[in-house]
Amino acid sequence: MVDAATPSRKDAGDGKAFYVTTPIYYVNDAPHIGHAYTTVAADVLARWHRQRGETVWFLTGTDEHGQKVMRSAEANGVSPRAWADRLVETAWKPVLSTIDASNDDFIRTTETRHTERVREFWNHLYDARQVYPGTYEGPYCVSCEEFKLPNELLDGEDGAKLCPIHGRPVEMLSETNYFFKLSAFTDKLLAYYEEHPEFVQPESARNEVVAFVKQGLQDLSITRSTFNWGIPVPWDDDHVLYVWIDALLNYVTAAGYRTDPLLFKRVWPADVHLVGKDILRFHAVIWPAMLMAAGLPLPRTVFAHGWLLVGGEKMSKTKLTGIAPSQIVDTFGSDAFRYYFLRAIQFGSDGSFSWEQISAIYTSELANGLGNLASRVAAMVGRYFGGTLPAPAAAGPAETALAERLAETVRIADEAMGGLRFHEALAAIDSFTDAVNGYLTEQEPWKVAKDDSPAARDRVATILYTAAESLRAISVLHNPVMPKSAAALWKELGAAETLGELDLQPLTNAGRWGLLPPGSVITKGEPLFPRIEEPDTK
RNA sequence: GGGGCGGUAGCUCAGCCGGUUAGAGCAUGGGACUCAUAAUCCCUGGGUCGCGGGUUCGAGUCCCGCCCGCCCUACCA
């Protein structure tokens, strides 16, 4: 029973938790890598902050009301709720495990914990006279039986506006419904953007939002009466709430709004709402206005990321460029999926996806770079020290340089992650991995090992310790991004026995040198990132 | 129509307030090495910086015009 769903992790701990959200996904779409991209970014952020030792609350979920879902359900001969249940269980929830999402909660807008709170929220605003009855007038297509968007209409002859589906003239129709006094918040929003430049990111998104609001806001029609798949308006049974006005509230209803004051206090306001740029306005204009109207604190940041482009064009189902996450994960694994999208695309900008590119990055950075490094270190500790990590002797300039490089890498990566510059963080970690590979090649421990004098043996010990210690740090740094591989590496280093669980290694200390205790038992396992001989170039 | 962003090496992209021979990663080619997942390390790139003008001692980097792609210009999610 969905309504009985309980958060998997209620222990948000003491103090303010880092609260990150994805949008709730509209169940009527098929999940594609665009959705997974957002979720992965949120997940990496959540895991990164957990690794820093912070308490974290990571929410995702599904948006299930509205006309489209209702119509699909009808077309499939089932109730809207049954249709939504099916999509959630067969499509949306499975994606989360496909990409290894570690969400603390999953909210559905059809759950009573949501619907009841939404009704209360709007009833409150209605009582506070923030909502009033009015008339919505817009272009309506009789064939579609729905209102159309002014900008999707086609121009017909003699200036008539045509329905893009039926090619027939639309007529202006009006509908009585309820309006939220959004216009009253124009100046307050502008002032807020001004005072909180970090509220809408990146800069380009912020500029668009500000420009939009500066035009002046109109009141927003928040109810519909032409169909009934939605949350009933508390004061008028003939209307249901407009789906967005319902959906946005998930961020608070799932955070214990009006039901769990302790959780709510600990979690709200959200630190980051991650959204695609297509839904920026709802999150950066309507949502904060709703919160202002209700007297609730606003989220710290709404971050809009870009589109994934396939073949230079925005991914779309109709052009058959919509790709299911499993298509990629089946070939490269969930870790590489996560790594690739955050590594190859500047978060906030549009990014090109191609099989060639993911294949290239997988091979060069993961298989040849990190994976091979782990193999060569494990092999040499096995060969020269029977698998037991030796204690290092005196550090030379090369060791000191690498240790300093590590500290710098952790600093850069942490700062970049804090600013949602995932690609920058991963570039720094990759660059450090390269440095370790270069260090080994320069020090040539395999040559030093041919001399069996005590001094030479000490030198080999120092070199291999240095490399293994570097891998220890890389494990911690990569754990939020590639949890499976990082755990495998951690195990290979024998670190669980000597340092404890990987998840508990504080990221903030990851740059400290010399944490991996000598004596750790290092084993050469299966390759971390097996070579993929024939990439699926479909 | 108005506003914004982008068009830089085969690919993906950096190039802040204009200034020595235009950069990175990957791919390519050559070399070194052999611990390692035929992996690693070093060297190697001569690309009309979309097109045409202009300003300037000097312009991917500023101005004007044009071409191409994308986004915004409110109630599909």
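Residues numbered from 1 in each chain as written. Chains lettered and ligands numbered in written order. Predicted model: local features only at pLDDT ≥ 70, side-chain atom pairs only at ≥ 80, totals over all residues. Heavy atoms only, no water.

### Considering the sheet that holds strand 8 (residues 171-180)
Read from one edge to the other, the open sheet built from four strands follows the order 5-4-8-10, with strand pairing classed as antiparallel. Each having just a single partner strand, strand 5 (146-147) and strand 10 (220-221) make up the two edges of the open sheet. Strand direction decides the pairing type here: strand 4 (residues 131-141) and strand 5, joined by two bridges, are antiparallel. Bridging from a neighbouring strand, Cys141 pairs with Glu146 of strand 5. (Pairing = 2+ DSSP bridges. Helix = DSSP H or I, 4+ residues; strand = E, 2+ residues; numbered from the N terminus.)

### Here we look at unusual backbone geometry
Here the bond from Gln201 into Pro202 is cis, since omega is -5°, no more than 30 degrees from zero. Going from Trp268 to Pro269, the amide bond is cis rather than trans, its omega being 5°. Topologically, Pro269 is positioned in the loop between helix 9 (261-267) and strand 14 (272-276). Residue Arg129 is not a glycine yet carries a positive backbone phi of 60°.

### Some words on the environment of Glu64
With respect to the secondary-structure elements, Glu64 resides in the loop between strand 2 (56-63) and helix 2 (67-75). Taking the C-alpha atoms as reference points, Glu64 and Ile24, separated by 40 residues in sequence, lie 9.0 Å from one another. Residue contacts for Glu64: discarding those within four places in its chain leaves Val27, Val69, Ala84, Val88, Arg108, Thr109, Thr110 and Trp229. In terms of polar contacts, Glu64 uses its side chain to reach the side chain of Thr62, at 2.7 Å. (Contact = heavy atoms within 4.5 Å. Polar contact = N/O pair within 3.5 Å; in protein donor to acceptor, adjacent residues only side chain to side chain.)

### Structural notes on the packing of helix 11 (residues 325-344) against helix 12 (residues 355-385)
Running from N to C, helix 11 and helix 12 cross one another at 80°; their axes reach a closest spacing of 10 Å. In terms of orientation, helix 11 lies roughly perpendicular with respect to helix 12. Contacts between helix 11 and helix 12 pair Gln327, Ile328, Thr331, Phe332, Ala336, Tyr339, Tyr340, Arg343 and Ala344 from the former with Trp355, Gln357, Ile358, Ser359, Ile361, Tyr362, Glu365 and Leu366 from the latter. Residues of the contact of helix 11 with helix 12, tallied by class, amount to 11 nonpolar, four polar and two charged. (Axes fitted to C-alpha atoms, helices over the stretch in contact; angles between N-to-C directions. Parallel < 35°, antiparallel > 145°, perpendicular 65-115°, else oblique. Nonpolar A, V, L, I, M, F, W, Y, C, P; charged D, E, K, R; others polar.)

### Considerations on the nonpolar core
Trp122, Phe180, Met290, Ile328, Phe341 and Phe353 are the most contacted members of the largest nonpolar core, which has 176 residues in total. Ranked by the residues each element gives to this core, the list is headed by helix 12, at 15 residues. In contact with Met290, other than residues within four places in its own chain, are Phe121, Trp122, Leu125, Phe180, Ile245, Leu248 and Leu249. (Core = buried A, V, L, I, M, F, W, Y, C linked by side-chain atoms within 4.5 Å. Buried < 20%, exposed > 50% of the residue type's maximum accessible area, 1.4 Å probe, protein only.)

### Some words on the environment of Pro483
With respect to the secondary-structure elements, Pro483 resides in helix 17 (residues 483-492). Residue classification places Pro483 among the buried residues on the basis of a relative accessible area of 12%. Sequence-wise, Pro483 and Arg47 are 436 residues apart; in three dimensions their C-alpha atoms are separated by 9.1 Å. With residues up to four places along the chain from it excluded, the contact list for Pro483 reads Arg47, Asp100, Asp335, Arg338 and His478.

### Examining the protein's contact with RNA strand B
Around RNA strand B, the structure places 48 residues, and the nearest of them are Asp63, Leu149, Gln218, Val243 and Arg281. Among all atoms of RNA strand B positioned within 4 Å of the protein, those belonging to sugar or phosphate total 70%. With respect to RNA strand B, the backbone of Ser221 contributes an N or O atom lying 3.3 Å from a base oxygen. Contact between RNA strand B and Trp244: a base nitrogen at 3.1 Å from a side-chain N or O atom of the residue. Elements with a contribution of two residues or more to the surface near RNA strand B: helix 6 (203-214), strand 10, helix 7 (243-247), helix 10 (280-294), helix 12, helix 14 (422-443) and helix 15 (445-448). The biggest single contributor to the surface near RNA strand B is helix 12, with 13 residues. (Near = heavy atom within 4 Å.)

### Topic: the side chain of Thr39
Tracing the chain through its elements places Thr39 in helix 1 (residues 33-51). Within polar-contact distance, the side chain of Thr39 engages the side chain of Tyr25 at 2.7 Å. In this structure, Thr39 is in contact with Thr22, Tyr25, Phe58, Leu96, Ile99 and Ala101, ignoring residues within four places of it in sequence.

### Side note on the pattern of salt bridges
Taken as a whole and judged by the stated rule, the model has 25 salt bridges. For the salt bridge of Glu365 with Arg343, the shortest nitrogen-to-oxygen distance reads 3.0 Å. Here Glu365 is found in helix 12, whereas its partner Arg343 is found in helix 11, with 22 residues between them in sequence. Here Arg421 and Glu424 are joined by a salt bridge, their closest N and O atoms 2.7 Å apart. Under the relative-accessibility criterion, Arg421 is labelled partly exposed at 30%. Judged by relative accessible area, which is 30%, Glu424 ranks as partly exposed. (Salt bridge = Lys/Arg side-chain N within 4 Å of Asp/Glu carboxyl O.)

### Some remarks on empty space enclosed by the protein
Across all of its chains, the model carries four cavities of 30 Å³ or more by this definition. Approximately 70 Å³ is the volume found for the largest cavity. Lining the largest cavity are 13 residues, with Tyr25, Thr39, Trp92, Val95 and Leu96 positioned closest to its centre. Going through the elements one at a time, helix 1, strand 2 and helix 3 (80-98) are the ones with two or more residues in the lining of the largest cavity. Taken together, the residues of the lining of the largest cavity sort by class into eight nonpolar, five polar and no charged. (1 Å grid on protein atoms, 1.4 Å probe; cavity = no way out; pocket = protein on both sides within 12 Å on 5 of 7 lines; lining within 4 Å. Points joined across faces, edges and corners; volume = space filled by probe spheres on them.)

### Examining the sheet that holds strand 11 (residues 223-224)
Pairing in this open sheet of three strands is antiparallel, and the strands run 11-13-12 from one edge to the other. Only two strands of the sheet have a single partner each, and these edge strands are strand 11 and strand 12 (232-233). Both strand 11 and strand 13 (residues 236-241) contribute to a ladder of two bridges, which runs antiparallel. Paired with Arg224 across the bridge in strand 13 is Val240.

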